[in-house]
Amino acid sequence: MKPLIAGNWKMNGLSASLAEFDAMVAGYDVVLRSAVDLMVCPPATLLTSMAGRVGTSGIALGGQDCHAAIQGAHTGCISAEMIADAGGTSVIVGHSERRADHHETSELVAAKAKAALRAGLLAIICVGETQSERLEGKALEVVGRQLKESVPVELDASRVVIAYEPVWAIGTGLTPTTADVIEMHAQIRALLSDLFGAAGASIRILYGGSVKPSNAAELLSAANVGGALVGGASLKAADFLPIAQAAAAIVR
Ligand code: PGA
């Protein structure tokens, strides 16, 4: 399967940023397209505008979060169906910033993942340990538990992506060693096989946390790394496209 390079714009981007998106669309040429799946998850306010600018490039769009319900009295929230209606084909759920800032539990994340499935979206389910959990030697245990609790078995494996994002690596410039990435992704792969049987082997497991052009090749070459979830470096075409190119250059 092609690697997936997904950009998470977080709470960044005004309509002026659409020019940057246009540069991504233009740079996602036929060669790159044949080797890598590219996605941008903008703030919801830009989703419809971006959907109108994707053209035939094949860049996918996604939301950064969704409510578990289809609709209703939930001021400020958007549903998976609304993301699909605005032109998104994916949604990130359980990002550590949502888990920390909005006190989201793995149980809620699982409900959101089911909502994504209900709306026909790909669910990008995030897991990752904090720095103290890593230092205490609990990273594998914590991420294993998050995964089991956040990934409902009734999901369709072909519509699930896992993103392993160590919280301490997000936006800090720090990254785990390649050995640590390989160890964690191997554990996630084994748990996905327990959950989904043979289909678990084809679920893409993204690495996320301070991915940039200079470290993308090494991180993306690690075993069981099926792509990257990119924050800061996804805001500029000049950073984001080289990450996609690094993914394309890896012989699998
Ligand atoms: P970062 O963010 O690339 O800026 O570290 C990654 C993420 O939070 O998805």
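Residues numbered from 1 in each chain as written. Predicted model: local features only at pLDDT ≥ 70, side-chain atom pairs only at ≥ 80, totals over all residues. Heavy atoms only, no water.

Engineer: In this structure, what is going on with the overall build of the protein? I would like to understand it.
Structural biologist: Across its full length, the protein holds eleven helices and eight strands. Against the 2.2 N^0.38 benchmark of 18 Å for 252 residues, the protein shows a C-alpha radius of gyration of 17 Å, consistent with a compact globule. Seen through its C-alpha atoms, the protein measures out along the principal axes to roughly 45 × 45 × 35 Å. Once local pairs closer than 6 in sequence are excluded, the contacts in the protein between residues at least 24 apart make up 72%. (Helix = DSSP H or I, 4+ residues; strand = E, 2+ residues; numbered from the N terminus. Rg over C-alpha atoms; globule rule 2.2 N^0.38 Å. Contact = heavy atoms within 4.5 Å.)

Engineer: Please explain helix H6 (residues 106–118) as it appears in this structure.
Structural biologist: A turn of α-helix holds 3.6 residues, and therefore any two residues three or four places apart point the same way. The end-to-end C-alpha distance of H6, which contains 13 residues, comes to 18 Å, matching closely the 18 Å that a straight helix rising 1.5 Å per residue would cover. Within H6, burial applies to Ser 106, Val 109, Ala 110, Lys 112, Ala 113, Ala 115 and Ala 116. Where H6 terminates, the next one or two residues include Gly 120, which has phi positive at roughly 80°. (Expected span 1.5 Å × (residues − 1). Buried < 20%, exposed > 50% of the residue type's maximum accessible area, 1.4 Å probe, protein only.)

Engineer: When you look at unusual backbone geometry in this model, what are you seeing that I'm missing?
Structural biologist: The general pattern is negative phi for most residues beyond glycine and trans for most peptide bonds. The backbone of Lys 10 sits at a positive phi, close to 50°, despite the residue not being glycine. Structurally, Lys 10 is set in the loop between strand S1 (4–8) and helix H1 (18–27).

Engineer: I would appreciate a short explanation of the environment of Thr 178 in the present structure.
Structural biologist: Among the secondary structure elements, Thr 178 is positioned in helix H9 (residues 178–196). In sequence terms Thr 178 and Ala 119 are 59 residues apart; their C-alpha atoms lie 36 Å from each other. Those residues in contact with Thr 178 that lie beyond four places of it in its chain are Glu 218 and Ala 222. Only 2.6 Å separates the side chain of Thr 178 from the side chain of Glu 218, close enough to count as a polar contact. (Polar contact = N/O pair within 3.5 Å; in protein donor to acceptor, adjacent residues only side chain to side chain.)

Engineer: So what exactly am I meant to see when it comes to the packing of helix H10 (residues 213–221) against helix H11 (residues 237–249) here?
Structural biologist: How two helices sit against one another is set out by the angle between their axes and by the gap between those axes. At a closest axis distance of 9 Å, the pairing of H10 and H11 adopts a crossing angle of 25°. The orientation of H10 with respect to H11, classified from their angle, is roughly parallel. The crossing of H10 and H11 is right-handed. Every residue of H11 that contacts H10 at Pro 213, Ala 216, Ala 217 and Leu 220 is listed here: Asp 239, Pro 242, Ile 243, Ala 246 and Ala 247. (Axes fitted to C-alpha atoms, helices over the stretch in contact; angles between N-to-C directions. Parallel < 35°, antiparallel > 145°, perpendicular 65-115°, else oblique. Left-handed = near helix turned anticlockwise from the far one by under 90°.)

Engineer: Any chance you could explain the site of the ligand here in plain terms?
Structural biologist: With respect to spatial proximity, 13 residues lie near the ligand, and among them Lys 10, His 95, Glu 165, Gly 171 and Ser 210 are the closest. At 2.6 Å from an oxygen atom of the ligand is found a main-chain nitrogen or oxygen belonging to Gly 171. Notes on the ligand: free accessible area 280 Å², of which the protein chains cover 94%. For the shell around the ligand, the class distribution of residues is four nonpolar, seven polar and two charged. (Near = heavy atom within 4 Å. Areas by Shrake-Rupley, 256 points an atom, 1.4 Å probe, with all protein chains shown as cover. Nonpolar A, V, L, I, M, F, W, Y, C, P; charged D, E, K, R; others polar.)

Engineer: Explain the pattern of salt bridges to me, please; I cannot follow it from the model alone.
Structural biologist: Here the idea is simple: oppositely charged side chains can pair when their charged atoms come close. Applying the stated criterion across every chain yields a total of 15 salt bridges. Taking the shortest distance from any N to any O, the salt bridge between Arg 204 and Asp 37 comes out at 3.0 Å. Taken together, the residues Arg 204 in strand S7 (residues 204–208) and Asp 37 in strand S2 (residues 37–41) connect sequence positions 167 residues apart. Accessibility expressed as a relative area gives 13% for Arg 204, which makes it buried. For Asp 37, a relative accessible area of 25% corresponds to the partly exposed category. (Salt bridge = Lys/Arg side-chain N within 4 Å of Asp/Glu carboxyl O.)

Without other data, these values stay purely geometric and don't point to any function.
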